[in-house]
Amino acid sequence: MKTVHRYLLTLVFFAGSLSAAITSASCDTDDFPVMDEMRITMLAPSMNFNGLNMSIREFTIEDDVESIRAFYNQQWEGELVENLLGDTLQIAHHTDDCSMLVQIMVATEGSAGRLVINNPEFNLGGGEALSVPTPEGAIIAYDMRNNDGGKNAATILATTFQSRAEVEAFYKQELAHLRWVYERSMNTPGGSASLYRKGNDEFNLVIMNTEDQRQTQILINMVEQ
């Protein structure tokens, strides 16, 4: 669970920093400067986070973090924003056409990180957006969507002042109404995790009490294929 939250929170800085950028025109990964020594792999060719369409690649390199920082400072001199999130250095660059983010961290041999680009041309393939049920009045903290190889996926993180029991009752009724078939669940004093299926589609549901016990947190991962 901590890994999922950390990944979502890593993207918060990027989403917030985009608010001042204009991205009405197209941009492409070919426009993203990379070091010759970077070994790059595609992580998410088409992802949507809080309404922002983006593409994410991962890289490894034998150079240290400071060398990568110097490279991007030279490439984007005077036109970048740096931010340190835990042990990850983030460098963001915005133009009128697109926004780019480099995330860099120390690796076993050299450095590793991600290259994130906001590109209006990267969309969800024209398919229908997934409809993900949430209790009335729930506050959506994160809404991340992606399409990869014909699979539509959504990850939703929400909070509500309804009790855990009320939220569990809501999903039991709502998912049955939507013809999701309950498969299995795991319960602990702090929360529950359940899996529902509809053919090949999956609906993973985690319901947890917040640390102060005042709210209920809902984490949904839904995959339609």
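Caption draft 1: Focus on the overall build of the protein chain. Within the protein chain, the regular secondary structure consists of three helices and 12 strands. Buried positions account for 43% of the 225 residues belonging to the protein chain. Here the contacts in the protein chain between residues at least 6 apart in sequence split such that 56% fall between residues at least 24 apart. About 12300 Å² of surface is accessible on the protein chain, with carbon and sulfur atoms providing 48% of the total.

Caption draft 2: Main features of a negative patch on the surface. A surface patch of like charges, here negative, comprises Asp-36, Glu-37, Glu-62 and Glu-109. Considering the arrangement of structural elements, one finds Glu-37 in the loop between helix H1 (2-17) and strand E1 (39-49).

Caption draft 3: The arrangement of the pattern of salt bridges in detail. If you walk through the whole model with that rule in mind, you get six salt bridges. Arg-69 is paired through a salt bridge with Glu-66; the nearest N and O atoms lie 3.1 Å apart. Of this pair, Arg-69 and Glu-66 both sit in helix H2 (residues 65-75), three residues apart, roughly one helical turn. Two residues, Glu-183 and Arg-184, come together in a salt bridge whose shortest N-O distance is 2.8 Å. Judged by its relative accessible area of 36%, Glu-183 is partly exposed. Each of Glu-183, Arg-184, Arg-197 and Glu-202 takes part in one network of salt bridges that share partners.

Caption draft 4: Inspection of unusual backbone geometry at higher detail. For Arg-179, which is not glycine, the phi dihedral falls at a positive 70°. Relative to the assigned elements, Arg-179 resides in the loop between helix H3 (164-177) and strand E9 (181-188).

Caption draft 5: Representation of the pairing of strand E5 (residues 99-106). Most of E5 sits inside the fold, with six of its eight residues counted as buried. Both strand E4 (residues 88-94) and E5 contribute to a ladder of six bridges, which runs antiparallel. Each residue of the ladder has a partner; that of Gln-90, found in E5, is Gln-103. Taking the residues between adjacent antiparallel strands as the criterion, E5 and strand E6 (residues 111-118) are bridged by four residues, where Gly-110 takes a positive phi near 90°.

Caption draft 6: Geometry of H2. Within the span of H2, buried status applies to Val-65, Ile-68, Phe-71 and Tyr-72. The arc that holds every buried residue of H2, seen down its axis, measures 125°, which confines them to one face.

Caption draft 7: Spotlight on the nonpolar core. Judged by nonpolar contacts, the single largest core of 19 residues is most densely connected at Phe-32, Phe-59, Ile-68, Tyr-72, Val-102 and Ile-104. The dominant element in this core, judged by the number of residues it contributes, is H2, at four residues. Once residues lying within four places of it in the same chain are set aside, the contact partners of Phe-32 are Arg-57, Tyr-72, Trp-76, Met-100, Leu-101, Val-102, Leu-115, Val-116 and Ile-117. Listed in part, the 17 residues of the second largest apolar core include Ala-158, Tyr-171, Trp-180 and Ile-220.

Thresholds applied
- Residues numbered from 1 in each chain as written.
- Predicted model: local features only at pLDDT ≥ 70, side-chain atom pairs only at ≥ 80, totals over all residues.
- Heavy atoms only, no water.
- Helix = DSSP H or I, 4+ residues; strand = E, 2+ residues; numbered from the N terminus.
- Buried < 20%, exposed > 50% of the residue type's maximum accessible area, 1.4 Å probe, protein only.
- Contact = heavy atoms within 4.5 Å.
- Areas by Shrake-Rupley, 256 points an atom, 1.4 Å probe, with all protein chains shown as cover.
- Patch = residues over 30% accessible without salt bridge, like charges linked within 9 Å, V, L, I, M, F, W, Y side chains within 5 Å.
- Salt bridge = Lys/Arg side-chain N within 4 Å of Asp/Glu carboxyl O.
- Lys, Arg positive; Asp, Glu negative; His and termini not counted.
- Charge placed at Lys NZ, Arg CZ, Asp CG, Glu CD.
- Pairing = 2+ DSSP bridges.
- Arc of directions from axis to C-beta.
- Core = buried A, V, L, I, M, F, W, Y, C linked by side-chain atoms within 4.5 Å.

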